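# What the coordinates show
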Amino acid sequence: MSKESIVERIISDAEKEAENIISQAESRAEQTVQEADLRAERKLAGVKAEVAQKVKAILDGKAATARLDGAKAELAEKRRVIDVVYKNALEALISLDKKASLQLAERLLTEFADEGDEIVFATNYKYFAEVSKLDIVKEKKLKISNGKSALEGGFILKGKTSDKDVSYGALLQFDREDYQAEIAAAVFKG
């Protein structure tokens, strides 16, 4: 073998080895890129799932808040309507005609007045003179106050041991505590 053929063979072997090294490096690089792409895809899928979960949680929270705010607004409106119902009832009691007003006063005095109580009328009570002439006033020896009180219609009874507020406003307040749910059910059917 000549020198030239040995050199050519060395060069040829070196080129083959270089091609082999380059091929292996390219293969490893391609495999590394594929693995990196796969990891990136998995990470992206995980991030997308996490974001979707967070978006759903936020939307669910916003929906719950909106439902709660809607329920609060509805309840406030229902309370307003009930307030109007009781306001109208108060106005109706204050504007009762003489006969109905005297019947109510007699019933309240019969049920709540104790002997010797003093009747203090509301400033807007129209029939105080007629109430003072009722038989129950004489029977229970009730006194009529010269003063007036800033009540919501009707009167209060001042007694030796306790006072009783039987004004129209107080009666409606007691009624509201007992029957508000039933009234709301009747007013807001469905």
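Look up: the structure comes first, before these words.
In this report, the structure presented in the accompanying data block is examined. Nothing here was measured: the structure is a model prediction, and the numbers come from that model. (Residues numbered from 1 in each chain as written. Predicted model: local features only at pLDDT ≥ 70, side-chain atom pairs only at ≥ 80, totals over all residues. Heavy atoms only, no water.)

## Here's the deal with the overall build of the protein
- A tally of helices and strands in the protein yields five helices and four strands.
- Compactness check: the protein gives a C-alpha radius of gyration of 46 Å against a globular reference of 16 Å for 190 residues, more than 25% above the reference.
- If one aligns the C-alpha atoms of the protein with their principal axes, the spans along those axes are about 155 × 35 × 25 Å.
- When contacts within the protein are restricted to residue pairs at least 6 apart in sequence, those whose partners lie at least 24 apart make up 77%.
- Summed over all atoms, the accessible surface of the protein reaches about 13,900 Å², with 55% contributed by carbon and sulfur.
- Charged side chains in the protein number 32 positive and 35 negative. The centres of these two groups are separated by 7 Å. (Helix = DSSP H or I, 4+ residues; strand = E, 2+ residues; numbered from the N terminus. Rg over C-alpha atoms; globule rule 2.2 N^0.38 Å. Contact = heavy atoms within 4.5 Å. Areas by Shrake-Rupley, 256 points an atom, 1.4 Å probe, with all protein chains shown as cover. Lys, Arg positive; Asp, Glu negative; His and termini not counted. Charge placed at Lys NZ, Arg CZ, Asp CG, Glu CD.)

## A short note on unusual backbone geometry
- In the Ramachandran plot, K141 falls in the positive-phi region, its phi being about 50° despite a non-glycine side chain.
- Tracing the backbone shows K141 in the loop between α4 (135-139) and β2 (143-149).
- The exposure class assigned to K141 is exposed, which follows from its relative accessible area of 55%. (Buried < 20%, exposed > 50% of the residue type's maximum accessible area, 1.4 Å probe, protein only.)

## Re helix α5 (residues 168-187)
- The end-to-end C-alpha separation of α5 is 22 Å, well short of the 28 Å expected for 20 residues at 1.5 Å each.
- Most pronounced at Y179, the bend in α5 amounts to some 70°.
- Elements that come into contact with the buried residues of α5 comprise α1 (3-94), α2 (98-112) and β4 (163-165). (Expected span 1.5 Å × (residues − 1). Bend = angle between axes of the 7 residues up to and from the residue.)

## Here we look at the environment of A181
- Looking at where A181 falls in the secondary structure, it is placed in helix α5.
- On the basis of relative accessible area, A181 is assigned to the exposed category, the value being 62%.
- As a C-alpha pair, A181 and L75 span 106 residues in sequence and 12 Å in three-dimensional space.

## Overview of α2
- Counted at 1.5 Å a residue, the expected span for α2 with its 15 residues is 21 Å, and the 21 Å between its end C-alpha atoms agrees.
- Looking only at α2, the buried set comprises S101, L102, L104, A105, L108 and L109. Looking straight down α2, one finds that the buried residues subtend no more than 160° of arc, so they occupy a single side. Of the exposed residues in α2, the ones pointing more than 90 degrees away from its buried face are K99, R107 and E111. (Arc of directions from axis to C-beta.)

## Examining the nonpolar core
- Among the nonpolar cores identified, the biggest contains 27 residues, and L109, I119, Y125, V131, V137, F155 and L157 are the most heavily contacted of them.
- Looking at this core, the elements with two or more residues in it are α1, α2, β1 (118-122), α4, β3 (155-158) and α5.
- Per-element accounting of this core gives the leading share, five residues, to α2.
- When near neighbours in sequence (up to four residues on either side) are disregarded, L109 contacts I119, V131, I136, V137, K140, L142, F155 and L157. (Core = buried A, V, L, I, M, F, W, Y, C linked by side-chain atoms within 4.5 Å.)

## Points about the sheet that holds β2
- Reading across from one edge, β2-β1-β3-β4 is the order of the four strands in this open sheet, with mixed pairing throughout. Strands at the two margins of the open sheet, each flanked by one partner only, are β2 and β4. Adjacent strand axes in the sheet meet at a mean angle of 25°, parallel and antiparallel pairs treated alike.
- As judged from the four bridges shared by β1 and β2, these two strands associate in the parallel manner. Residue A122 lies in a different strand from β2, and its bridge partner there is S149.
- Contacts from α2 reach β1, β3 and β4, with the element oriented near 25° to β3. (Pairing = 2+ DSSP bridges. Axes fitted to C-alpha atoms, helices over the stretch in contact; angles between N-to-C directions.)

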